[in-house]
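Chain by chain, the residues run as shown.
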Amino acid sequence: MITKPKGCNDLYGIEAKKWKYVDKVIDALMEKYNYSYIRTPIFESTELFHRGVGETTDIVTKETYDFKDRSDRSLSLRPEGTASIARSYIENKMYANGDVVKVYYNGTMYRYERPQAGRDREFTQFGCEVLGTDDPMVDAEVISMPVVLYKLLGLREIKVRINSLGDNESRKNYREALYNYFEPHIGELCEDCQERLKKNPLRILDCKVDKDNDLLKNAPKTIDYLNEDSKKRFEDVQAYLNELDIDFEIDERLVRGLDYYNHTVFEIDTLAEGFGSNNTLGGGGRYNGLVKELGGPETSCMGFAMGFGRVMEALEIEGVELPIKDDVEVFIMYVSETEKMFATSLTQYLRGNGFRVDTDYSGRGLKGQFKIADRLKAKYLIILNDEDLKNDMVRVKDNVKKSEEEVPVDYLIYYFDEHLQDEDEMDEADKFLKENEGEKNEEI
Ligand code: AMP
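In short, a report on the structure.

What counts, and where the lines are drawn
Residues numbered from 1 in each chain as written. Predicted model: local features only at pLDDT ≥ 70, side-chain atom pairs only at ≥ 80, totals over all residues. Heavy atoms only, no water. Helix = DSSP H or I, 4+ residues; strand = E, 2+ residues; numbered from the N terminus. Buried < 20%, exposed > 50% of the residue type's maximum accessible area, 1.4 Å probe, protein only. Disulfide = S-S within 2.5 Å. Pairing = 2+ DSSP bridges. Contact = heavy atoms within 4.5 Å. Axes fitted to C-alpha atoms, helices over the stretch in contact; angles between N-to-C directions.

### Looking at unusual backbone geometry
Here comes step 1: Here Asp 245, not a glycine, exhibits a phi torsion of approximately 60°, which is positive.
Here comes step 2: Among the secondary structure elements, Asp 245 is positioned in the loop between helix 9 (228-243) and strand 8 (249-250).
Here comes step 3: The exposure class of Asp 245 is partly exposed, given its relative accessible area of 43%.
Here comes step 4: Positive phi is not limited to glycine here, since Lys 377 has a value of about 55°.
Here comes step 5: Within the fold, Lys 377 resides in the loop between helix 13 (366-375) and strand 14 (380-383).
Here comes step 6: The partly exposed category is assigned to Lys 377, whose relative accessible area is 45%.

### A few points about the state of the cysteines
Here comes step 1: This structure, assessed with the given rule, holds zero disulfides.
Here comes step 2: No disulfide involves Cys 301; its sulfur sits 12 Å from that of Cys 128, the nearest cysteine.

### Quick word on the pairing of strand 7 (residues 158-164)
Here comes step 1: Of all seven residues in strand 7, six are buried, a share of seventy percent or more.
Here comes step 2: Examined bridge by bridge, strand 7 and strand 9 (residues 262-270) share seven bridges and lie antiparallel to one another. Opposite Ser 164, over in strand 9, you have Thr 264 as the bridge partner.

### Digging into the sheet that holds strand 5 (residues 101-110)
Here comes step 1: Read from one edge of the open sheet, eight strands run 1-5-6-11-10-9-7-8, paired in mixed fashion. In the strand order of this sheet, the two ends are held by strand 1 (36-37) and strand 8, each with one partner.
Here comes step 2: Note that strand 9 and strand 10 (residues 280-286) share six bridges and pair antiparallel. Looking at strand 10, one finds that Asn 262 is bridged to Arg 286.
Here comes step 3: Strand contacts of helix 9: strand 7, strand 8, strand 9 and strand 10, with the helix running at about 160° to strand 7, the strand carrying the most contacts.

These figures come from the coordinates and say nothing about function on their own.
Structure, rendered in structure tokens:
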């Protein structure tokens, strides 16, 4: 038997329906925030990630899937979304008219990590990026948006942690302070950290091996190295978050794993009991240097990415029931060939009028068809019969109440319009946003 590669998953059945529901909520929400969908290639030139994510990051040194194509080009499966979007922003000159560009993506990422709960080799991330503004108001929007999404989906146990790495000057001072602090003790840390000390000591704070070492816990804090401008900027971000009613705490040790961050960084955890140790649902930050680093104009950017799988798991653990449709509204049953022919067009007609309709494809007898209809959780059954059809009538059975009535074929869609009330998933997003906005407006 050929099995799936390690660290990958098949998505199907009810789980797939849940994912698709969350996809729709994301699309509806992003529309409200006026972010446009963007899709970039799943593989890019290897150099993009070396320059974009950082030569010394774990992602680039150990985790990319690199390969050569038949023309000997070095390519890598994307390990994250931001570098590709910065590349696309530059290549498509999205900066040309000076507008702020707001985009979101939703796709698979690839990292050669040791597979464990919450860490896969192929995983899906939803993320957004705002390119072309340094306004701290945007930092607050990008932090608040996933919080709104989680609430909208029904998650309650979430915690937002934020920090600031400051501007280049502050970051440089902090880097020096870290170097001086770690240098005399570097022998006590893992081999990777010894390498990190020289190349980027901030990364030591992010080490998965040494994370419980007291040396890391007592390390200098970013906050103490922020210059006045950076401090003011960080305060502004907090003021906007307060205005948006987003609860957060300052996590002085938060630096994030990628090279390109400056100023604001943040992560959102699930506190749901029973969630494994990889409990960060998503995170992001400001990366004002990346577009320039990749050969584009000086551009200030802010972004966020969340792991889809972890959010789905948090929903499961918190016992959230998503309003997904895992039933059919009408199941059409038949026995004779003429009934089957009529079933074919009736199925199409009802589907075309917006109903979720299914029928039997395997020539079962009526008893067998009743069974499938129950398995599909059919709300109504149409039981075709040649005699009824001669009079343009069909028998409709309410599969819950078990009552039955004769309905003229011409009247069927009105009948189901009346009897089947369905809420559109999109409306859930609308409703939630309106309710929240409503509350806020009352306060104002
Ligand atoms: P990062 O790009 O590393 O900041 O990751 C952003 C989010 O993506 C994390 O908070 C996780 O929710 C998710 N994530 C990152 N790596 C993995 C992985 N290997 N498997 C599943 N989810 C991941």
